[in-house]
Amino acid sequence: MNQRWQAAMLVCLLLAGCQTGESGSNGAAGPSGQPPESAVHPSDYQQGKTSEGPVDPDLQLEAKYWNIVEVQNGQKVIQNPDNILVLVNKEQSLPPGYKPADLVVPRVPFVCADPNAEKRHMRAEAAAALEEMFAAARRDGIELVAVSAYRSYERQQVIFAEEVRQKGKEKAVQAVAHPGQSEHQTGLAVDISSRSAGCQLTQSFGATKEGQWVAAHAHEYGFIIRYPKGKEAVTGYKYEPWHLRYVGRKAAAVIKKRGLTLEEYFKVVKKV
């Protein structure tokens, strides 16, 4: 009897162990070893979630927004200059003959009285955004004035040569871009000022109520202060609170929130 009793007890223990193994691990595994349906949601993958956590969609940037460059005579020349996020600086130049095809005159006050002046033009998308920004500023009691927007390659040649003549090349390159390296040629940049700053392009504009309003709100309309204070070593240019660059609302919001320059933005975003 003792032997039969011991054998019965052994069978019971073995059966209990098998049942525990099937229902263990807090229900994380189903009958085939796969997670139960409640543990996996297709939307997790659609929204870019991974086992390492969600991917920030603000840091994903489509390939069409990245520069395509070709080395010509030792210089990197941008082959897709119509790109709204085109990165123009001392290392990457626009083609000499590039001129945006959609230049228009934004309906905002300009210092220049000539209605047909080259520098009153901007690309259509940027011009519309500038009109919105100026209108919002007026509602807040802020009066802004545009000084200079689009600038051709030829005009930049004249300006750069004059700056070199007056200040020497070493100082000139800190303030004025070489021809082909000016954002103004993209039609996406505009220099602005205010009457309180004498309608001049001066660093003191940044301390005016108008300059402070622009610094706080420009990103809401897709603009960034392209050459911010403290980033001279990154951009290669001195602080210019008057120089705005249109990049679109999404990029501008990320750049503003994270305190980036356009160069730094392209270092943190991922091409998709």
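That block above? That's the structure.
Residues numbered from 1 in each chain as written. Predicted model: local features only at pLDDT ≥ 70, side-chain atom pairs only at ≥ 80, totals over all residues. Heavy atoms only, no water.

**So, the pairing of strand E12 (residues 240–246)**
The side chains of a regular strand alternate, residue by residue, between the two faces of the sheet. Threshold: Type-normalised accessible area, obtained with a 1.4 Å probe on protein chains alone, sets the label of each residue: buried when under 20%, exposed when over 50%, and partly exposed for intermediate values. A helix here means a DSSP run of H or I that spans at least four residues, while a strand means a run of E at least two residues long, and both kinds are numbered starting from the N terminus. By this definition, two strands are paired if DSSP reports at least two bridges between them.
Of all seven residues in E12, seven are buried, a share of seventy percent or more. The sheet contact formed by strand E11 (residues 223–227) and E12 spans four bridges and is antiparallel. Bridge pairing in E12 places Ile224 opposite Arg245.

**Observations concerning the pattern of salt bridges**
Note the threshold: Basic side-chain nitrogens of Lys or Arg form a salt bridge, by our definition, when they fall within 4 Å of a carboxyl oxygen of Asp or Glu.
Enumeration over the complete set of coordinates arrives at ten salt bridges. The residue Glu131 makes a salt bridge to Arg107 at a minimum N-O spacing of 3.4 Å. Of this pair, Glu131 sits in helix H3 (residues 124–139) while Arg107 sits in the loop between strand E7 (103–104) and strand E8 (122–123), and the two are 24 residues apart along the sequence. Salt-bridge contacts for Arg165 lead to Glu162; the nearest nitrogen and oxygen are separated by 2.5 Å. Residue Arg165 and its partner Glu162 are both found in helix H4 (residues 153–167); the two are separated by three residues, about one turn of the helix. The network of salt bridges with common partners includes Glu183, Arg226, Arg245 and Glu263.

**With respect to unusual backbone geometry**
Trans is the prevailing form of peptide bonds, just as negative phi is the prevailing case for residues other than glycine. Its identity as a non-glycine residue notwithstanding, Asn73 has a phi of 55 degrees, on the positive side. Using a relative accessible area of 85% as the deciding quantity, one classes Asn73 as exposed. Of note in the backbone geometry, Cys199 takes a positive phi value of approximately 55 degrees without being a glycine. Secondary-structure assignment places Cys199 in the loop between strand E10 (189–193) and helix H6 (209–217). Taking relative accessible area as the criterion, Cys199 reaches 25% and is therefore assigned partly exposed.

**Observations regarding the packing of aromatic side chains**
The test is simple: Only Phe, Tyr and Trp rings are paired, with Trp represented by its six-membered ring, and only when their centres lie within 6.5 Å; those with planes under 30 degrees apart are stacked, over 60 edge-to-face, the remainder tilted.
With the rule as written, the count across this model stands at four aromatic pairs. Seen in terms of ring centroids, Trp66 and Phe266 are 5.1 Å apart; in terms of plane orientation they differ by 75 degrees. Their pairing is edge-to-face. Note that Trp66 is positioned in the loop between strand E3 (60–61) and strand E4 (69–72) and Phe266 in helix H9 (residues 262–268), a separation of 200 residues in sequence. For the pair shown, Trp66 and Phe266 are each scored as buried. For the ring pair Phe223 and Tyr246, a centre distance of 5.4 Å and an interplane angle of 65 degrees mean the geometry is edge-to-face. Pair noted here: Phe223 is in strand E11 and Tyr246 is in strand E12, with a separation of 23 residues, a long-range link. Overall, Phe223 belongs to the buried group, its relative accessible area being 1%. Assessed through its relative accessible area of 4%, Tyr246 is described here as buried.

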